[in-house]
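An overview of the molecular structure
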Amino acid sequence: LGRMKPVIVVHGGAGRIFKEREEGCRAGVVRAALRGYSVLKQGGSAVDAVEEAVRSMEDDPHFNAGCGSVLNEKGEVEMDAIIMDGKNLDSGAVSAVKCIANPIKLARLVMEKTKHMLLTDHGAHLFAQAMGIPEIPEEKLITERSRERWKKNLEPDSNPEEFQKDLGTVGAVAIDSEGNVACATSTGGLSNKLIGRVGDTACIGSGGYADNHSGAASTTGHGESIMKVVLARLILYHMEQGMSPEVAADTALDYMKTRVGGLGGVIVVNKAGEWAARFSTKQMSWATVKDDNLHYGIYAGEKHIKSVDEAVASERRGF
């Protein structure tokens, strides 16, 4: 059996990335991609790699996932996450979870330790306790920026829709040397959302989908729109019809825009290891590593390329 060359692609959310946050977002997706790639290089599975990459971004306050998540209407953090293994279509997800650092880790435990695919809120909390996942005080997840934004959105003349433009979700897709694919996606959701709101992230086929027969996709953007078109699965369907990852992604994003007026972004890898990072929003932070080369960008048409060795060295120096 020919060995596949491993590939990882990550995104840090589609939308509008403010100037002062650009560097942090770029550095954050690059770090996540390098971490995921090092898992793959050491013979780790695609599932291990996407979990590691997403965990790295959950721990980074620049992103709306884990620490740095936006607040719901009551000023609380409620997070959603999903992981999926393309080998056997196993998946695990959690929704509306509070007071844990890494929802993606909990999603993986749902996949591996239960017969279920999605645990929510209180039940997810009990499961986390049973699995020995430490609870952390909510304050640890809340950044100054999230609190500021929440307050702004509470003002009578505020337009929360305006703020939804820099929607963050983080995600990763990978193919390992065995040819197995996987995806992982994690988010704090929409700012000032109703309590108990669950978006696309925790929903299989919407926030992510992985199948060795075609590939893997992770999405970001307006959750309700993504759910209406089941965006991740739609992209894989297009690839099954023979489209390249890039054309499949653009076709699906275009359909979402024309059909339901929704904007978003996606990262994709197919079973041959070809990848794409595409978005219909102004920006999306993304990074990928293939053939020991790192590619990354934020704006449409922007693509920087570095060798992995060079990237790792500058990562050690602090970018």
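Because the structure is predicted, anything quoted here is derived from the model rather than measured.

1. Digging into the UniProt feature "active site" (unreviewed entry) in the protein chain
Residues annotated by UniProt as "active site" (unreviewed entry) correspond here to Thr169. Within the secondary structure layout, Thr169 lies in the loop between α6 (160–163) and β5 (170–175). If sequence neighbours within four positions are ignored, Thr169 has contacts with His11, Gly12, Gly13, Asn64, Thr185, Ser186, Thr187, Thr201, Thr219 and Thr220.

2. Digging into the packing of aromatic side chains
Overall, the coordinates contain 1 aromatic pair when judged by the stated rule. When the centroid spacing of 5.6 Å and the interplanar angle of 40° are considered together, the rings of Trp275 and Trp286 count as tilted. Residue Trp275 is found in strand β10 (residues 275–279), and its partner Trp286 is found in strand β11 (residues 283–290); the two are separated by 11 residues along the sequence. On the accessibility criterion, Trp275 (18% relative accessible area) is buried.

3. So, the pairing of β11
In terms of residue burial, β11 counts as a mostly covered element, since 7 of its 8 residues are buried. Counted along the chain from β11 to the antiparallel partner strand β12 (residues 293–299), the turn is 2 residues long, and its residue Asp291 has a positive phi close to 55°.

4. So, helix α10 (residues 308–316)
Three or more residues of α10 are buried, namely Val308, Ala311 and Ser314. Take α10 and look down its axis: the buried residues cluster within an arc of 130°, on one side only. Looking at α10, the residues exposed on the side facing more than 90 degrees away from the buried face are Asp309 and Arg316.

5. Looking at the sheet that holds strand β3 (residues 90–97)
Within a sheet, neighbouring strands are paired by backbone hydrogen bonds and run either parallel or antiparallel to one another. The sheet built from 9 strands is open, its strands ordered β4-β3-β2-β6-β5-β1-β11-β12-β13 with mixed pairing. With partners counted over all chains shown, the strands left at the sheet margins are β4 (118–120) and β13 (304–307), one partner each. Looking at each pair of strands side by side, their axes are set apart by 10° on average, direction ignored. Summarising the sheet, strand β2 (residues 79–85) and β3 pair through 6 bridges and their orientation is antiparallel. Across the sheet, Met84 pairs through a bridge with Ser91, a residue of β3. Running at roughly 160° to β5, helix α2 (residues 46–58) makes contact with β1 (7–15), β2, β5 and β6 (181–187) of the sheet. Against the sheet, α10 contacts β11, β12 and β13, and its axis sits at roughly 90° relative to β13.

Scoring rules and cut-offs
Residues numbered from 1 in each chain as written. Predicted model: local features only at pLDDT ≥ 70, side-chain atom pairs only at ≥ 80, totals over all residues. Heavy atoms only, no water. UniProt positions renumbered as here; feature names shortened; annotations may be inferred. Helix = DSSP H or I, 4+ residues; strand = E, 2+ residues; numbered from the N terminus. Contact = heavy atoms within 4.5 Å. Phe/Tyr/Trp six-rings, centres within 6.5 Å; stacked < 30°, edge-to-face > 60°. Buried < 20%, exposed > 50% of the residue type's maximum accessible area, 1.4 Å probe, protein only. Pairing = 2+ DSSP bridges. Arc of directions from axis to C-beta. Axes fitted to C-alpha atoms, helices over the stretch in contact; angles between N-to-C directions.

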